[in-house]
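Chain by chain, the residues:
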Amino acid sequence: MPNAQEEWEKHVKSDLKGRGPEELTWHTPEGISIKPLYTLQDLEGLEDVASFPGSFPYLRGPRATMYTNRPWTLRQYAGFSTAEESNKFYRENLKAGQHGLSIAFDLATHRGYDSDHPRVSGDVGKAGVAIDTVEDMKRLFEGIPLNQMSVSMTMNGAVIPIMAAFIVAAEEQGVAQDQLSGTIQNDILKEFMVRNTYIYPPEPSMRLVADVIEYTTRHMPNFNSISVSGYHMHEAGATAVQELGFTLADGLDYVRATLNRGLPIDAFAPRISFFFGIGMNFFMEIAKLRAARLLWAKLMKAYNPENPQSLMLRTHCQTSGVSLTAQDPLNNIVRTTLEALSAVLGGTQSLHTNSYDEAVALPSQKSARISRNTQLILAEETGITQVIDPLGGSYYVEALTHSLAQHAQTLIDEVEALGGMTKAVMEGMPKLRIEESAAKRQTRLDLGQETIVGVNKYVMTGDPLDILNIDASWVRDQQIERLQEIKKTRDSKKVQACLEALTGAASQKNVNVMPFAIDAMRERATLGEVSDAMEKVFTRYEAEIHMINHVYGTLYGETRGAEIEAIRKRIDKFRRKEGRVPRLMIAKVGQDGHDRGAKIIGTAFEDLGFDVDMGPLFQTPLEAAKKAVKDEVHVLGLSTQAGGHRVLIPELMMALKAEGAEKMIVICGGVIPPQDYEWLYGQGVSAIFGPGTPLIEAAKSVLSLLEGDPHAGG
C-alpha cells in the first residue's frame, strides 16, 4: 500500500501531466527554496518549535499574553509643514484612536540644517515637520502632555540637537526627563547603507549613538534610546535575509559600543528596540519577525545578561512604502491591509500602516483615516487578538522561520568576520549587496517575472487622486521669520559660550556631548548651530558613489535580447553621428538621500550602453547644472522622492539658462503627482518617468528625445 506522501505525489504527477512536485518549487530572492507542501516531517530536528510565548528564545512572542491582554500599539508616523500643522494632525489622530505619536522630521532637519540654509530651499516641511529650535518643538507638542504620551522620533543624523530640543521642550512644559517615554531611532549605521541622512562620518557618528544611549540610560529610565531599523533596508531593495541579518548585525555593534562605555548589559539592553519593514511576501514577513526574536535572544545570551528582558527583541513595524503604486492606487489599501496582517501574525509590538496615496504625495486626511482604521478593524473586528501566535506549529511557517534564521545567521557571521557592521559599512559591503538585490528585483518586475497588479499586469488608467500639497516656500518663509526673531531676542553671548563648550566636548573622546547640547538648546541655539558646533570636530561626511554593473544586461538578455540589441544599435548610431555615446547624468538635488531609484536607473542605462554619470548626493540645482555643463552631458535626469520638485526644477532650469545650456534635455523620475506633470512640462522638462516605468521603455524614450522626437517623453 502506498503511504500518504506517495499517494499525493501520484496525484501531483497526474495534475502536472507526468511532472513531479519539484516542478512547483519556488526559489525566492532570498535563496530559499519553497516546496509546494510541508508536513510534520519538516519540523523534525527544529529547535524551539515547542517553546512558549514570553519564554526564551521568544520565538512565539516577547510577552506571555501578547495581544490577548493588550493589542499592539497603533502608532502612525506623520509630520509635515510647520509644527502647528503637524500638532493639529496629531491631536485629531489621537482623538480617532491612535495610541502614540511617531514623528517625521523634514530632510533639512535630518541633515542638521536650519530652514534658512541655502541647501534646503525645496525641502523645508515637505517630507516631515521642520524643527529649527526649542520653540518649534514646543509648538509641535502643544496641548499634548509629554508625561502621558509615548513619543517615537525617527531621527539619526541630527539626533543630538533633536533629543536636546525634546528634553528642553518637555522641561518647559513642566515634565522632567525621567518622566518621558518613547523611542529615538538613533540608528546611524543604516543611514550609510541606504537612507543617507547622515551628517558626520561613521566613527564619530557611532560615538554620538553611544552618547545618546548612555545619557538616556542614566537619566531617562522610561525612554528607548535606539530603534535598530531594517525598514529602510527593506525599502531600498534588501531581501528578507539581508534586512534581518544586517539589522541584527547593526544591533550587535551598538551593544558593543555601549558596553565600551562601562555600562552593564542589563542597564541598556532591555530598552533596545527594532523596526522592520513589512512587504508583500505574506508568510516570509511573518517568519522574519519570528526569526528575528529567535536570533536576537541567542546573540544576546552570549553577553550573560541576568535580566530576561535583555534577551527579548521588541519591534515596531511599518507596511512597505515601496510596494505602494502610483498606478491604480486604491489597490494599495489591499496591499497595506495584507502587510499589516502579516506584521500582526508575526507578533509586532507596534505598527504603522501606510496610506494609499503615498506613492504620489504626503497622505491626505482621508487616506490617513483609512490607514488608521485598517489597524482598528484588524484589532477589533477580526478576532485575531484572541489567540497568541496562531501560526505557531504551522509546518510551513516553522520551517520557513528556521530557514530564514539560518540564512541570516550566515550573513551575520560574514559581517562579524569583517570586524563588525561599522567596518563592513566603511568597506561598502552591505550597501552594494542591497543595491544588487534591488536591481535584480526591478529586472524581474520589468520582465513580468513578478506581478504587481495595475503596474505590469491588469493595467488600467484611473482618475488623479486628491492629494495633500505642501507649499515649501511658504513653510520656509515662516521658519526663517521665526529663526530671525529667536536670534534677535536670545542672549547671543550665552549661546556662543554654550556652542563653544559643545565643540570642546566633541573634541574630547570620553565626554558625553548630550548635556552640552541641552544647555545650548535651552539658550535657544538652533539645530543648525548645534550641528555645526560638532561638525567643526567631526567634519561632514561625503559618500563615494559606486554602481553595480551587468545585472540588467545579463538578466534582460535571457528573455529580451532582441530589444536590448535594438537599443544598442540606436546608441551606436548616435555615437557615429555625435562622436560619443549618449551621456546621462543622474542628479539627486536637495537633501533627499533616497537613492535606490537613481542607482537602479543608472545601472540599467549603463548596461544598455549609455555613458552614465551619477552625481553626488545633496547637490543644489546650481551645482547640478554646473556639473552637467562641465561634463558635457546630453541628458540631465533628476530623481526626486521628497516632493521638492516644484521648487527645485525652476531653480535648475534657471541655473541651466545661466550656464548657457537651456536646450539640455531634462527628465524627471520618482514620486511626482500626475497633477504636476503638465506644470513640469511647462517648466521645460522633456519626460517624466513615474514609479513602475519599465526601464527598457524609459531608455527608448530617452533615445527618441536624443534623436529629435519632441513628443517622446509624454
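Just above, that's the structure.
The structure displayed is predicted, hence computed values, not measured ones. (Residues numbered from 1 in each chain as written. Predicted model: local features only at pLDDT ≥ 70, side-chain atom pairs only at ≥ 80, totals over all residues. Heavy atoms only, no water.)

Caption draft 1: A look at a nonpolar patch on the surface. Together, Met280, Val334 and Leu338 make up an exposed nonpolar region whose accessible area comes to about 260 Å². Looking at where Val334 falls in the secondary structure, it is placed in helix α12 (residues 331-346). (Patch = residues over 30% accessible without salt bridge, like charges linked within 9 Å, V, L, I, M, F, W, Y side chains within 5 Å. Areas by Shrake-Rupley, 256 points an atom, 1.4 Å probe, with all protein chains shown as cover. Salt bridge = Lys/Arg side-chain N within 4 Å of Asp/Glu carboxyl O. Helix = DSSP H or I, 4+ residues; strand = E, 2+ residues; numbered from the N terminus.)

Caption draft 2: Broad picture of the pattern of salt bridges. Inspection of every chain in the model, using the stated rule, returns 50 salt bridges. Note that Arg207 is salt-bridged to Asp211, the shortest N-O span being 3.3 Å. Here Asp211 and Arg207 lie together in helix α7 (residues 202-219), a separation of 4 residues that amounts to about one turn. Accessibility classification places Arg207 together with Asp211 in one group, the buried group. Note that Glu659 and Lys626 form a salt bridge whose closest N and O atoms lie 3.0 Å from each other. Here Lys626 lies in helix α23 (residues 621-630) and Glu659 lies in the loop between α24 (645-658) and β15 (665-670), a separation of 33 residues in the sequence. (Buried < 20%, exposed > 50% of the residue type's maximum accessible area, 1.4 Å probe, protein only.)

Caption draft 3: Examining helix α11 (residues 282-301) more closely. An ideal rise of 1.5 Å per residue puts 28 Å on 20 residues; α11 measures up with 30 Å between its terminal C-alpha atoms. When you tally the buried positions in α11, you get 16 out of 20 residues, the bulk of the element. (Expected span 1.5 Å × (residues − 1).)

Caption draft 4: Highlighting the packing of helix α5 (residues 159-172) against helix α19 (residues 514-522). Where α5 contacts α19, the axes come no closer than 8 Å and their chain directions differ by 60°. What the angle tells us is that α5 and α19 run oblique. Helix-helix and strand crossings are classified by hand; for α5 and α19 the assignment is right-handed. Here α5 contributes Ile160, Pro161, Met163, Ala164, Ala165, Ile167, Val168 and Glu171 to the contact with α19, which in turn contributes Met514, Ala517, Ile518, Met521 and Arg522. When its residues are assigned to classes, the contact of α5 with α19 shows 11 nonpolar, no polar and 2 charged. (Axes fitted to C-alpha atoms, helices over the stretch in contact; angles between N-to-C directions. Parallel < 35°, antiparallel > 145°, perpendicular 65-115°, else oblique. Left-handed = near helix turned anticlockwise from the far one by under 90°. Contact = heavy atoms within 4.5 Å. Nonpolar A, V, L, I, M, F, W, Y, C, P; charged D, E, K, R; others polar.)

Caption draft 5: Representation of the side chain of Thr348 in the model. By the element assignment, Thr348 lies in the loop between α12 and β11 (350-352). The contacts of Thr348, once residues within four sequence positions are left out, are Tyr67, Trp72, Leu289, Thr315, His316, Cys317 and Ala343.

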